[in-house]
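One-letter residues, chain by chain:
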Amino acid sequence: MNILIRKSVLFSFTIFMLLLTSMAAQAQSLQTPAVDSISIDNTNPIISWFANNDSTEVYEIHKCVYEEINNEIHTVCNFIDSTSGTTYIHEVNACDIPLRYCIVAHASGGRFSAWSDTLYTIFLKQPSFDICANEVQLRWTPYRNMVSSLGGYRILASKNDEIFMPIDSTAADVTQFTHSNLDAGTLYTYKIQAFNQDGSRTSTSCEDSIRSRTYAKPEFVYLKYATVEDNDHIKIEWLADEAPISKYSVLRSEDDGVTYDTISRISDLAKYDPPQFYIDTTADFNRQSYYYKIIALDSCGANQIASVNLARTILLTNDPLPAVSGRVNELKWNAYEDWPSEVDRYEIYRKLSGTSDLFAILDDVDGNTLTYSDSLSILSGSGGQFSYYIKAIEIGGDNGYESETDNSISNVITISRESRIFMPNAIIAGGESPDDEFKPVVQFFEPDGYQLIIFNKWGQQLFESREVSKGWMGKYNGEYVPEDAYVYVIRYKDNTGLLQEKRGTVTVIWK
């Protein structure tokens, strides 16, 4: 009896296990949905898959995101809808972020399939426009769900909302593209289309737009002047139009204005506040004149533009030959170049030793004259140091770039004349002028410190004068002195300011 009971129980358990196995097989018999494609129409993702050939009743579509759970990244899929078809349009904006979807088959009895592969939209990132290169950079996420295999990506573009046209394509492993040579001020709209090897299947991204634009480019750079400033350095100043400029280069020629060297590069910190200037402290302006020009680069560091004119400084020199006579200082200089309206005149400025530190205008000559003779005949009583500079004055009026009149100053030169003193050896007491007065003929000395003293042969002082114009008439205490030889002492400051003394004798002869 016990044996029969055991056999019956064993048979029942076997039948139960077979039923469980059959039910489990039925529960797992639904096919995993095979994804077809995901594409975007306007902004809505269109999800497609292949139909199961089993007892599947509906398909559930889940939107999947990555979430951090217990410090681990997990894929979390949330149910959004179900359908008995094989296509689903999710009415959301798929253009702001990349989206992912999974599909699961569902049948009666609570049976579910395994999850499908994840469907990834092609996410076209915001296009970036490089205004300097005049190109748009496109980047997108890879398409992972192409049936058979991915052939590549087709770039579609529309100009000003016209129809989309393919402009190029990339390989399957390239997810970026540069669109170059754009039309200025044009609205470009792009979308990316993935395609398979034989071109029979495609998947398209959202559309995204960007407007191309251009930037203002400088039209001119105008050199206002190059001038010697404070006899210390050369200052160059220029004007530019209001277009942003990234850098100026200052070029200098030491020869003929043909071969130039760059002596400075200046970042423009005040792009909208011309004029600009540069101080050249390396120029030997007392030795030679220099040519300058300016090169400007636009805000993108391209489109080089040279100044419409150059500028040449003035080098002032003197002709040493007239120094023999000591009566004329001969000045000469090169022409200032290159004002569009040319030079109106050259002003000659002079400063005398022993006078104020200020230069005073001496004379002016026309814009074609490059020499000047300064007569010293009435300046023999000066200290013998003559300093000069030349100022070029631009012809007034609008020259096409500004309405102001500019000028340029030369270097300063100083001409020294040697102090000279000529003494008569006799005077005629009571005679006719000028023979009746003993006084020196002097050239180029400092009047300050002058002294004339007359002594007789016993050393008695008979006369003293501290004015060059006042000489000795041969008298002492109002009476003419006897005919004889008398000693004189002259003290004076020479053209260098040093105190000098000259001694000698003068003979007094009665009329």
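Scroll up to find the structure.
All values reported here derive from a predicted model rather than from experimental measurement.

### Thoughts on the sheet that holds strand β29 (residues 371-375)
So, step 1. In spatial order, the strands read β25-β26-β29; together these 3 strands make up an open sheet with antiparallel pairing. The strands lining the two open edges of the sheet, one partner per strand, are β25 (316-319) and β29. Between one strand and the next, the sheet's axes are offset by a mean angle of 30°, whatever the strand orientation.
So, step 2. Of the strand pairs in this sheet, β25 and strand β26 (residues 328-333) are connected by 4 bridges, and their pairing is antiparallel. Its bridge partner lying in β26, Asn318 is registered against Leu331.

### Some points on the pattern of salt bridges
Side chains that differ in sign of charge can pair as their charged atoms come close.
So, step 1. Applying the stated criterion across every chain, the model contains 16 salt bridges.
So, step 2. Salt-bridge contacts for Arg252 lead to Asp280; the nearest nitrogen and oxygen are separated by 2.7 Å. Here Arg252, found in strand β19 (residues 245-253), pairs with Asp280, found in strand β21 (residues 276-280); they are 28 residues apart in sequence, far enough to count as distant. When sorted by exposure, Arg252 lands in the same class as Asp280, which is buried.
So, step 3. Asp284 serves as the salt-bridge partner of Arg287, at 3.4 Å between the closest nitrogen and oxygen.

### Topic: the state of the cysteines
Covalent bonding between the sulfur atoms of two cysteines defines a disulfide.
So, step 1. Applying the stated criterion to the full structure yields 3 disulfides.
So, step 2. In this model, Cys64 is linked to Cys77 through a disulfide, with the two sulfur atoms separated by 2.1 Å. Judged by the sign of its S-S torsion, about 100°, the cystine formed by Cys64 and Cys77 is right-handed. Here Cys77 lies in strand β4 (residues 72-83) and Cys64 lies in strand β3 (residues 58-69), a separation of 13 residues in the sequence.
So, step 3. Since its relative accessible area comes to 3%, Cys64 is described here as buried.
So, step 4. Disulfide pairing places Cys95 opposite Cys206 at an S-S distance of 1.9 Å. Negative torsions about the S-S bond denote left-handed disulfides, and the value of about -85° found for Cys95 with Cys206 makes this one left-handed. Placement of the pair is Cys95 in the loop between β5 (87-89) and β6 (100-107) and Cys206 in the loop between β15 (202-204) and β16 (208-211), with a sequence separation of 111 residues.

### Focus on the sheet that holds strand β9 (residues 128-130)
So, step 1. Here we have 3 strands laid out as an open sheet, ordered β9-β10-β13, and antiparallel in their pairing. Looking at which strands have only one partner, the edges of the open sheet turn out to be β9 and β13 (176-180). Strand-to-strand, the axes of this sheet are offset by a mean angle of 20°, without reference to chain direction.
So, step 2. Summarising the sheet, β9 and strand β10 (residues 135-139) pair through 3 bridges and their orientation is antiparallel. Residue pairing in the sheet places Asp130 in a bridge with Glu135 of β10.

### A few points about the pairing of strand β14 (residues 187-196)
So, step 1. In terms of residue burial, β14 counts as a mostly covered element, since 10 of its 10 residues are buried.
So, step 2. Alternating residues of β14 divide into Leu187, Thr189, Lys191, Gln193 and Phe195 and Tyr188, Tyr190, Ile192, Ala194 and Asn196, and every residue in both groups is buried.
So, step 3. Here strand β11 (residues 150-159) runs beside β14; their pairing, made up of 9 bridges, is antiparallel. Residue pairing in the sheet places Leu150 in a bridge with Asn196 of β14.
So, step 4. Where β14 and β16 come together, 4 bridges link them in antiparallel fashion. Within β16, the position partnered with Tyr190 by the bridge is Asp208.
So, step 5. Where β14 lies against β15, 3 bridges are found, and the strand directions are antiparallel. Residue Gln193 lies in a different strand from β15, and its bridge partner there is Thr204.
So, step 6. Taking the residues that link successive antiparallel strands as the turn, the β14-β15 hairpin has 5 residues, and the phi of Gly199 there is positive, at about 75°.

### Describing the packing of aromatic side chains
So, step 1. In the structure shown here, the tally under the stated rule is 13 aromatic pairs.
So, step 2. With a centroid separation of 4.9 Å and 65° between ring planes, the pair formed by Phe359 and Tyr389 is classed as edge-to-face. Here the residue Phe359 occupies a position in the loop between β27 (343-352) and β28 (360-366), and Tyr389 occupies one in strand β30 (residues 385-394), the gap between them amounting to 30 residues.
So, step 3. According to the relative accessible area criterion, Phe359 is partly exposed, its value standing at 25%.
So, step 4. Among the aromatic residues, those joined into a cluster by ring pairs are Phe220, Tyr222 and Tyr401.

### Quick notes on the environment of Phe359
So, step 1. The sequence separation of Phe359 and Tyr349 amounts to 10 residues, and the corresponding C-alpha distance is 6.0 Å.
So, step 2. Apart from residues no more than four positions distant in its own chain, Phe359 is found in contact with Tyr349, Arg350, Lys351, Ser387, Tyr388, Tyr389 and Val412.

### Focus on the side chain of Ser408
So, step 1. Among the secondary structure elements, Ser408 is positioned in strand β31 (residues 407-409).
So, step 2. Not counting residues up to four positions away in its chain, the partners in contact with Ser408 are Ala226, Thr227, Ile314, Tyr336, Trp339, Ile390, Lys391 and Ala392.

### Some words on unusual backbone geometry
So, step 1. In this structure, Asp338 follows Glu337 across a cis peptide bond, with omega equal to 25°.
So, step 2. Between Ser433 and the following residue, Pro434, the backbone shows a cis peptide bond with an omega angle of 5°.
So, step 3. For Ser148, which is not glycine, the phi torsion reads 70° and is therefore positive.
So, step 4. The topology assignment puts Ser148 in the loop between β10 and β11.
So, step 5. Even without being glycine, Asp230 reaches a positive phi, approximately 55°.
So, step 6. Assignment of secondary structure puts Asp230 in the loop between β17 (221-229) and β18 (233-240).
So, step 7. A relative accessible area of 68% places Asp230 in the exposed class.

Basis of the calculations
- Residues numbered from 1 in each chain as written.
- Predicted model: local features only at pLDDT ≥ 70, side-chain atom pairs only at ≥ 80, totals over all residues.
- Heavy atoms only, no water.
- Pairing = 2+ DSSP bridges.
- Helix = DSSP H or I, 4+ residues; strand = E, 2+ residues; numbered from the N terminus.
- Axes fitted to C-alpha atoms, helices over the stretch in contact; angles between N-to-C directions.
- Salt bridge = Lys/Arg side-chain N within 4 Å of Asp/Glu carboxyl O.
- Buried < 20%, exposed > 50% of the residue type's maximum accessible area, 1.4 Å probe, protein only.
- Disulfide = S-S within 2.5 Å.
- Phe/Tyr/Trp six-rings, centres within 6.5 Å; stacked < 30°, edge-to-face > 60°.
- Contact = heavy atoms within 4.5 Å.

None of this, on its own, says anything about what the molecule does.
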